[in-house]
Amino acid sequence: MSQTLKGRCAVVTGSTSGIGLAIARALAGEGASVMLNGFGDPAEIERLRSSLSSETGSNVAYNGADMRNPDQVAALVREAESALGSVDILVNNAGFQHVSPVDQFPEETWEGIQDVILNSTFHTIKAALPGMKRRGWGRIINIASAHGLVASPFKSAYVAAKHGQVGLTRTVALEVAEAGITCNAICPGYVRTPLVEGQIDAQAKAHGLPRERVLRDVILAVQPTKRLIEPGEIAALAVFLCGDMARSITGAAIAIDGGWTAR
Ligand code: NAD
(Lines give C-alpha, C1' and ligand atoms only; values in the text may rest on other atoms or scores of the structure.)
Protein backbone atom coordinates (compact mmCIF):
# COMPACT_ATOMS: atom_id res chain seq x y z
CA MET A 1 0.00 0.00 0.00
CA SER A 2 1.31 3.47 -0.94
CA GLN A 3 0.60 5.28 2.39
CA THR A 4 0.79 8.75 0.80
CA LEU A 5 -0.86 10.36 3.85
CA LYS A 6 1.31 8.81 6.58
CA GLY A 7 1.71 11.31 9.43
CA ARG A 8 -1.45 13.26 8.53
CA CYS A 9 -4.48 13.37 10.83
CA ALA A 10 -8.04 13.64 9.52
CA VAL A 11 -11.52 14.37 10.87
CA VAL A 12 -14.41 13.10 8.72
CA THR A 13 -17.86 14.18 9.94
CA GLY A 14 -20.75 11.79 9.32
CA SER A 15 -18.40 8.86 8.67
CA THR A 16 -20.40 5.99 10.19
CA SER A 17 -22.13 5.44 6.82
CA GLY A 18 -22.06 6.03 3.06
CA ILE A 19 -19.69 8.56 1.49
CA GLY A 20 -18.07 9.62 4.80
CA LEU A 21 -17.25 6.02 5.68
CA ALA A 22 -15.72 5.43 2.23
CA ILE A 23 -13.58 8.59 2.64
CA ALA A 24 -12.48 7.61 6.17
CA ARG A 25 -11.53 4.12 4.91
CA ALA A 26 -9.58 5.56 1.95
CA LEU A 27 -7.70 8.13 4.11
CA ALA A 28 -6.82 5.46 6.71
CA GLY A 29 -5.76 3.18 3.83
CA GLU A 30 -3.28 5.90 2.79
CA GLY A 31 -1.83 5.96 6.30
CA ALA A 32 -3.70 8.92 7.84
CA SER A 33 -4.95 8.77 11.43
CA VAL A 34 -8.71 9.27 11.31
CA MET A 35 -11.38 10.56 13.72
CA LEU A 36 -14.74 9.05 12.81
CA ASN A 37 -18.00 10.82 13.67
CA GLY A 38 -21.69 10.13 13.14
CA PHE A 39 -24.72 8.40 14.57
CA GLY A 40 -25.38 4.70 14.98
CA ASP A 41 -25.48 1.78 17.38
CA PRO A 42 -22.46 2.16 19.75
CA ALA A 43 -21.44 -1.51 19.48
CA GLU A 44 -21.60 -1.41 15.66
CA ILE A 45 -19.58 1.82 15.58
CA GLU A 46 -16.92 0.24 17.81
CA ARG A 47 -16.78 -2.80 15.49
CA LEU A 48 -16.40 -0.44 12.52
CA ARG A 49 -13.66 1.60 14.24
CA SER A 50 -11.62 -1.44 15.22
CA SER A 51 -12.01 -3.18 11.85
CA LEU A 52 -10.94 -0.01 9.98
CA SER A 53 -7.93 0.25 12.25
CA SER A 54 -6.87 -3.39 11.82
CA GLU A 55 -7.61 -3.38 8.04
CA THR A 56 -5.39 -0.34 7.45
CA GLY A 57 -2.92 -0.35 10.35
CA SER A 58 -3.83 3.31 10.98
CA ASN A 59 -4.96 4.95 14.20
CA VAL A 60 -8.78 5.26 14.06
CA ALA A 61 -10.76 7.02 16.82
CA TYR A 62 -14.44 7.99 17.17
CA ASN A 63 -16.27 11.02 18.56
CA GLY A 64 -20.08 11.10 18.52
CA ALA A 65 -20.53 14.91 18.34
CA ASP A 66 -23.95 16.01 17.09
CA MET A 67 -23.28 18.37 14.18
CA ARG A 68 -26.35 20.42 15.18
CA ASN A 69 -24.54 21.52 18.36
CA PRO A 70 -21.72 24.11 17.89
CA ASP A 71 -20.10 23.30 21.27
CA GLN A 72 -19.93 19.59 20.42
CA VAL A 73 -18.53 20.44 16.96
CA ALA A 74 -15.71 22.54 18.45
CA ALA A 75 -15.05 19.82 21.07
CA LEU A 76 -14.76 17.22 18.27
CA VAL A 77 -11.91 19.21 16.67
CA ARG A 78 -10.19 19.74 20.04
CA GLU A 79 -10.45 16.02 20.88
CA ALA A 80 -9.05 15.07 17.47
CA GLU A 81 -6.11 17.44 18.03
CA SER A 82 -5.32 15.87 21.39
CA ALA A 83 -6.04 12.21 20.49
CA LEU A 84 -4.43 12.21 17.01
CA GLY A 85 -1.93 15.08 17.43
CA SER A 86 -3.44 17.59 14.93
CA VAL A 87 -6.18 18.10 12.37
CA ASP A 88 -4.46 18.37 8.97
CA ILE A 89 -7.38 17.12 6.89
CA LEU A 90 -10.98 18.16 7.58
CA VAL A 91 -13.81 16.55 5.63
CA ASN A 92 -17.24 18.09 6.23
CA ASN A 93 -19.58 15.34 5.11
CA ALA A 94 -22.47 15.00 7.61
CA GLY A 95 -25.83 15.71 6.06
CA PHE A 96 -29.40 14.62 5.53
CA GLN A 97 -32.26 15.35 3.16
CA HIS A 98 -35.93 16.28 3.55
CA VAL A 99 -38.34 16.60 0.63
CA SER A 100 -41.35 18.93 0.91
CA PRO A 101 -42.93 21.91 -0.90
CA VAL A 102 -41.37 25.09 0.51
CA ASP A 103 -44.69 26.44 1.86
CA GLN A 104 -45.16 23.24 3.88
CA PHE A 105 -41.51 22.80 4.94
CA PRO A 106 -41.30 22.19 8.73
CA GLU A 107 -39.29 25.00 10.40
CA GLU A 108 -37.34 22.67 12.69
CA THR A 109 -36.32 20.47 9.73
CA TRP A 110 -35.21 23.55 7.78
CA GLU A 111 -33.06 24.62 10.75
CA GLY A 112 -31.70 21.10 11.31
CA ILE A 113 -30.52 20.88 7.69
CA GLN A 114 -28.83 24.31 7.89
CA ASP A 115 -27.18 23.30 11.19
CA VAL A 116 -25.87 19.90 10.08
CA ILE A 117 -24.77 20.86 6.55
CA LEU A 118 -23.85 24.57 6.58
CA ASN A 119 -23.38 25.75 10.16
CA SER A 120 -21.29 22.74 11.24
CA THR A 121 -19.02 23.33 8.23
CA PHE A 122 -18.38 26.87 9.52
CA HIS A 123 -17.81 25.64 13.11
CA THR A 124 -15.36 22.83 12.19
CA ILE A 125 -13.40 25.15 9.87
CA LYS A 126 -13.24 27.88 12.53
CA ALA A 127 -11.93 25.38 15.09
CA ALA A 128 -9.43 23.59 12.81
CA LEU A 129 -7.93 26.53 10.86
CA PRO A 130 -5.66 28.02 13.58
CA GLY A 131 -3.73 24.70 13.86
CA MET A 132 -3.50 24.33 10.07
CA LYS A 133 -2.17 27.91 9.79
CA ARG A 134 0.44 27.26 12.52
CA ARG A 135 1.66 24.16 10.69
CA GLY A 136 1.43 25.81 7.23
CA TRP A 137 -0.45 22.86 5.75
CA GLY A 138 -4.11 21.85 5.54
CA ARG A 139 -6.76 20.28 3.38
CA ILE A 140 -10.45 21.15 3.83
CA ILE A 141 -12.92 19.16 1.73
CA ASN A 142 -16.62 19.94 1.91
CA ILE A 143 -18.90 17.25 0.55
CA ALA A 144 -21.51 19.49 -1.06
CA SER A 145 -23.67 18.16 -3.91
CA ALA A 146 -24.78 18.75 -7.48
CA HIS A 147 -27.48 20.55 -5.47
CA GLY A 148 -24.74 23.02 -4.47
CA LEU A 149 -24.62 24.07 -8.14
CA VAL A 150 -28.18 23.61 -9.43
CA ALA A 151 -31.63 23.25 -7.84
CA SER A 152 -34.43 20.68 -7.82
CA PRO A 153 -37.96 21.34 -6.59
CA PHE A 154 -39.01 20.31 -3.04
CA LYS A 155 -35.45 20.28 -1.68
CA SER A 156 -35.30 23.96 -0.63
CA ALA A 157 -33.42 23.52 2.67
CA TYR A 158 -30.89 21.10 1.20
CA VAL A 159 -30.28 23.17 -1.97
CA ALA A 160 -29.90 26.37 0.09
CA ALA A 161 -27.49 24.70 2.56
CA LYS A 162 -25.40 23.09 -0.21
CA HIS A 163 -25.17 26.38 -2.20
CA GLY A 164 -24.10 28.02 1.08
CA GLN A 165 -21.45 25.36 1.60
CA VAL A 166 -20.02 26.05 -1.88
CA GLY A 167 -19.93 29.80 -1.15
CA LEU A 168 -18.19 29.20 2.18
CA THR A 169 -15.68 26.91 0.42
CA ARG A 170 -14.72 29.66 -2.05
CA THR A 171 -14.42 32.33 0.68
CA VAL A 172 -12.22 30.18 2.94
CA ALA A 173 -10.02 29.20 -0.03
CA LEU A 174 -9.32 32.89 -0.75
CA GLU A 175 -8.60 33.69 2.91
CA VAL A 176 -5.99 30.92 3.31
CA ALA A 177 -4.59 30.77 -0.23
CA GLU A 178 -1.06 31.74 0.86
CA ALA A 179 -1.03 29.59 4.00
CA GLY A 180 -0.49 26.14 2.40
CA ILE A 181 -4.14 25.26 2.98
CA THR A 182 -6.63 24.32 0.27
CA CYS A 183 -10.41 24.32 0.60
CA ASN A 184 -12.57 22.60 -2.01
CA ALA A 185 -16.08 21.27 -2.45
CA ILE A 186 -16.88 17.91 -4.03
CA CYS A 187 -20.31 18.01 -5.67
CA PRO A 188 -21.62 14.47 -6.19
CA GLY A 189 -24.67 13.45 -8.16
CA TYR A 190 -26.61 10.43 -6.90
CA VAL A 191 -24.32 8.05 -4.98
CA ARG A 192 -25.22 4.52 -3.84
CA THR A 193 -25.63 5.14 -0.05
CA PRO A 194 -28.33 4.58 2.60
CA LEU A 195 -29.50 8.22 2.04
CA VAL A 196 -30.32 7.52 -1.63
CA GLU A 197 -31.61 3.97 -1.01
CA GLY A 198 -34.11 5.61 1.42
CA GLN A 199 -35.21 8.10 -1.27
CA ILE A 200 -35.74 5.25 -3.79
CA ASP A 201 -37.84 3.29 -1.26
CA ALA A 202 -39.93 6.39 -0.35
CA GLN A 203 -40.64 7.25 -4.03
CA ALA A 204 -41.47 3.61 -4.86
CA LYS A 205 -43.97 3.56 -1.99
CA ALA A 206 -45.44 7.01 -2.81
CA HIS A 207 -45.98 6.22 -6.52
CA GLY A 208 -46.67 2.46 -6.20
CA LEU A 209 -43.83 1.74 -8.67
CA PRO A 210 -41.11 -0.95 -8.67
CA ARG A 211 -37.73 0.23 -7.27
CA GLU A 212 -35.89 -0.33 -10.61
CA ARG A 213 -38.38 1.96 -12.40
CA VAL A 214 -38.03 4.68 -9.72
CA LEU A 215 -34.24 4.41 -9.94
CA ARG A 216 -34.15 4.82 -13.74
CA ASP A 217 -37.10 7.16 -14.41
CA VAL A 218 -37.15 9.32 -11.25
CA ILE A 219 -33.77 9.31 -9.48
CA LEU A 220 -31.47 8.89 -12.49
CA ALA A 221 -33.63 11.06 -14.80
CA VAL A 222 -31.15 13.92 -14.14
CA GLN A 223 -27.98 11.80 -14.28
CA PRO A 224 -26.99 11.20 -17.94
CA THR A 225 -24.77 8.15 -17.20
CA LYS A 226 -27.90 6.41 -15.80
CA ARG A 227 -25.97 4.71 -13.05
CA LEU A 228 -25.46 5.44 -9.38
CA ILE A 229 -21.98 6.67 -8.45
CA GLU A 230 -20.08 4.40 -6.01
CA PRO A 231 -18.87 5.96 -2.70
CA GLY A 232 -15.31 4.83 -3.55
CA GLU A 233 -15.31 7.19 -6.56
CA ILE A 234 -15.87 10.17 -4.23
CA ALA A 235 -13.25 8.86 -1.78
CA ALA A 236 -10.63 8.55 -4.56
CA LEU A 237 -11.05 12.26 -5.42
CA ALA A 238 -10.84 13.20 -1.73
CA VAL A 239 -7.53 11.29 -1.42
CA PHE A 240 -6.19 13.07 -4.53
CA LEU A 241 -7.19 16.48 -3.11
CA CYS A 242 -5.17 15.66 0.05
CA GLY A 243 -1.99 15.03 -1.93
CA ASP A 244 0.76 17.50 -2.81
CA MET A 245 -0.09 17.29 -6.54
CA ALA A 246 -3.44 18.96 -5.67
CA ARG A 247 -1.85 21.95 -3.92
CA SER A 248 -3.03 24.36 -6.66
CA ILE A 249 -6.62 23.12 -6.62
CA THR A 250 -8.43 25.44 -4.23
CA GLY A 251 -11.77 27.21 -4.15
CA ALA A 252 -13.06 24.63 -6.64
CA ALA A 253 -16.49 23.02 -6.69
CA ILE A 254 -15.72 19.74 -8.42
CA ALA A 255 -18.67 17.83 -9.83
CA ILE A 256 -18.72 14.01 -9.84
CA ASP A 257 -22.25 13.78 -11.16
CA GLY A 258 -22.37 11.57 -14.25
CA GLY A 259 -22.91 14.68 -16.40
CA TRP A 260 -25.88 16.10 -14.42
CA THR A 261 -24.62 19.72 -14.29
CA ALA A 262 -23.20 19.62 -17.87
CA ARG A 263 -26.70 20.24 -19.26
P1 NAD B 1 -25.67 8.70 4.81
O2 NAD B 1 -27.05 8.88 5.32
O3 NAD B 1 -25.24 7.33 4.33
O4 NAD B 1 -24.60 9.22 5.86
C5 NAD B 1 -24.79 10.43 6.55
C6 NAD B 1 -23.84 10.48 7.73
O7 NAD B 1 -24.07 11.71 8.42
C8 NAD B 1 -24.08 9.35 8.74
O9 NAD B 1 -22.86 8.93 9.27
C10 NAD B 1 -24.92 10.06 9.83
O11 NAD B 1 -24.82 9.44 11.10
C12 NAD B 1 -24.27 11.42 9.81
N13 NAD B 1 -25.10 12.46 10.43
C14 NAD B 1 -26.35 12.86 10.10
N15 NAD B 1 -26.76 13.81 10.96
C16 NAD B 1 -25.74 14.02 11.84
C17 NAD B 1 -25.56 14.87 12.96
N18 NAD B 1 -26.52 15.71 13.39
N19 NAD B 1 -24.38 14.82 13.63
C20 NAD B 1 -23.40 13.97 13.24
N21 NAD B 1 -23.52 13.13 12.18
C22 NAD B 1 -24.68 13.17 11.49
O23 NAD B 1 -25.55 9.76 3.62
P24 NAD B 1 -24.53 9.91 2.38
O25 NAD B 1 -25.33 9.70 1.16
O26 NAD B 1 -23.28 9.16 2.59
O27 NAD B 1 -24.27 11.49 2.46
C28 NAD B 1 -23.08 12.04 2.96
C29 NAD B 1 -22.97 13.48 2.45
O30 NAD B 1 -22.92 13.48 1.03
C31 NAD B 1 -24.16 14.36 2.85
O32 NAD B 1 -23.72 15.66 3.17
C33 NAD B 1 -24.99 14.38 1.57
O34 NAD B 1 -25.77 15.54 1.48
C35 NAD B 1 -23.88 14.36 0.52
N36 NAD B 1 -24.35 13.90 -0.78
C37 NAD B 1 -24.87 12.65 -0.94
C38 NAD B 1 -25.28 12.26 -2.20
C39 NAD B 1 -25.84 10.90 -2.47
O40 NAD B 1 -26.35 10.68 -3.57
N41 NAD B 1 -25.78 9.95 -1.54
C42 NAD B 1 -25.17 13.14 -3.29
C43 NAD B 1 -24.65 14.40 -3.08
C44 NAD B 1 -24.22 14.77 -1.83
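Quick caveat, the model's predicted, so the values are computed rather than measured. (Residues numbered from 1 in each chain as written. Predicted model: local features only at pLDDT ≥ 70, side-chain atom pairs only at ≥ 80, totals over all residues. Heavy atoms only, no water.)

Some details on the overall build of the protein chain
Tallying secondary structure elements over the protein chain gives eight helices and seven strands in all. Against the globule reference of 18 Å for 263 residues, the protein chain gives a C-alpha radius of gyration of 18 Å, in line with a compact fold. Once the C-alpha set of the protein chain is aligned to its principal axes, its extents read approximately 55 × 40 × 35 Å. Within the protein chain, the fraction of its 263 residues that count as buried is 49%. Here the contacts in the protein chain between residues at least 6 apart in sequence split such that 73% fall between residues at least 24 apart. Accessible area of the protein chain: about 11,800 Å², with a carbon and sulfur share of 55%. Averaged over its 24 positive side-chain charges, the protein chain has a centre that lies 5 Å from the centre of its 25 negative ones. (Helix = DSSP H or I, 4+ residues; strand = E, 2+ residues; numbered from the N terminus. Rg over C-alpha atoms; globule rule 2.2 N^0.38 Å. Buried < 20%, exposed > 50% of the residue type's maximum accessible area, 1.4 Å probe, protein only. Contact = heavy atoms within 4.5 Å. Areas by Shrake-Rupley, 256 points an atom, 1.4 Å probe, with all protein chains shown as cover. Lys, Arg positive; Asp, Glu negative; His and termini not counted. Charge placed at Lys NZ, Arg CZ, Asp CG, Glu CD.)

As for the domain arrangement of the protein chain
Domain annotation of the protein chain identifies domain 1 (9-191 + 230-257) and domain 2 (193-228). For domain 1 and domain 2, the distance between their C-alpha centres works out to 25 Å. Listed as interface residues are 14 residues of domain 1 and, on the opposing side, eleven residues of domain 2. Taken as a group, Y190, V191 and D257 account for 54% of the area that domain 1 buries against domain 2, more than any other trio of residues on that side. Linking domain 1 to domain 2 there are one salt bridge. One salt bridge in this structure joins R227 and E233, with 3.3 Å as the shortest N-O distance. Taken together, the residues of the side of domain 1 that touches domain 2 break down into five nonpolar, five polar and four charged. (Domains from an automatic or database assignment. Buried area = accessible area lost by both parts, 1.4 Å probe. Salt bridge = Lys/Arg side-chain N within 4 Å of Asp/Glu carboxyl O. Nonpolar A, V, L, I, M, F, W, Y, C, P; charged D, E, K, R; others polar.)

A word on the layout of surface pockets
Empty space within the largest pocket amounts to approximately 750 Å³. The wall of the largest pocket is formed by 37 residues, among which N93, A94, G95, F96 and L195 lie closest to the centre. Listing elements by their share of the lining of the largest pocket, those giving two or more residues are α1 (18-29), α5 (156-175) and α6 (194-207). Element by element, the count of residues in the lining of the largest pocket is highest for α6, at four residues. Taken together, the residues that form the lining of the largest pocket break down as 17 nonpolar, 16 polar and four charged. Taken together, 17 residues form the lining of the second largest pocket, with V99, K155, Q199, Q203 and V218 sitting closest to its centre. (1 Å grid on protein atoms, 1.4 Å probe; cavity = no way out; pocket = protein on both sides within 12 Å on 5 of 7 lines; lining within 4 Å. Points joined across faces, edges and corners; volume = space filled by probe spheres on them.)

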